[in-house]
Amino acid sequence: MSFARTVRPTRAVRPRLLAAVTLALAALALSACENGEGVRDEGPSSLPGPSVRDTAHPGRAVPCSGKHMRTTATPVSEPVNHLLLTVTNTGAVNCSLNGYPKARFGESGSLAPPAREPKPRGSRITLSPGGSAYAGVLLSAADGTGGHGRTVTSLTITLPTGPAARPALPPKGVYVDDALRVTCWLPNLKAALTY
């Protein structure tokens, strides 16, 4: 009888001991994630912890930088005399754009004026890694009435931070005149070409 009394407490202690060990291991795993050790298996990263965490929160973004953006300028058939500007976030964190592109056509040209749209469409755009924004450019008057027409072979786009982008234009260049206008940055390609 005394032997039976000794065994029962031992069996009752084992589940409690197992639960305590499991709880301790879980606590260690959580602390590893909090101090950054838990992300080692996801691959190397040179980014600091706070920047990596920002990718999980769409509202948090740094200004888009020329260092981490791919910029293209594409002639389109419709509407006529238009060019589509596209910027794509090639970085690892969210970045933001707002307002109008600072686009300079030609080495000595002035910035393209903003489009005279019926109502302002611009707002801050947050680009996640791989995300794109668009702007439409009216290069010249469709009826040929624009003054000071000229052919330019270079385009410079200045982003909020970092070096300026120089997207390639067609080898023969593009014709611009006083009708030159650019829309604000927009998240939708079709919307950028409605001006």
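Residues numbered from 1 in each chain as written. Predicted model: local features only at pLDDT ≥ 70, side-chain atom pairs only at ≥ 80, totals over all residues. Heavy atoms only, no water.

A. Quick look at the pairing of strand β5 (residues 102–105). Burial of β5 is one-sided: the residues Ala103 and Phe105 facing one way are buried, the residues Lys102 and Arg104 facing the other way are not. When β5 meets strand β9 (residues 155–158), the two strands line up antiparallel, connected through 4 bridges. Bridge assignment links Phe105 to a residue of β9, and that residue is Leu155. (Buried < 20%, exposed > 50% of the residue type's maximum accessible area, 1.4 Å probe, protein only. Helix = DSSP H or I, 4+ residues; strand = E, 2+ residues; numbered from the N terminus. Pairing = 2+ DSSP bridges.)

B. Region of the structure containing the pattern of salt bridges. In total, this model carries 1 salt bridge according to the counting rule given. Across the pair Arg166 and Glu107 runs a salt bridge whose closest N-O atoms are separated by 3.7 Å. Separated by 59 residues along the polypeptide, Arg166 in the loop between β9 and β10 (174–176) and Glu107 in the loop between β5 and β6 (125–127) bring together distant segments of the chain. (Salt bridge = Lys/Arg side-chain N within 4 Å of Asp/Glu carboxyl O.)

C. Quick peek at the layout of surface pockets. Considered as a void within the structure, the second largest pocket measures approximately 160 Å³ in volume. Lining the second largest pocket are 11 residues, and of these Val62, Ser65, His68, Gly91 and Val93 lie nearest its centre. (1 Å grid on protein atoms, 1.4 Å probe; cavity = no way out; pocket = protein on both sides within 12 Å on 5 of 7 lines; lining within 4 Å. Points joined across faces, edges and corners; volume = space filled by probe spheres on them.)

D. Spatial organisation of unusual backbone geometry. At the junction of Glu78 and Pro79, the peptide bond is cis and its omega measures out at -10° in the coordinates. Among the structural elements, Pro79 can be located in the loop between β2 (69–76) and β3 (82–89). With a phi close to 60°, Asn81 is a non-glycine residue in the positive phi region. Within the element layout of this structure, Asn81 appears in the loop between β2 and β3. Even without being glycine, His148 reaches a positive phi, approximately 55°.

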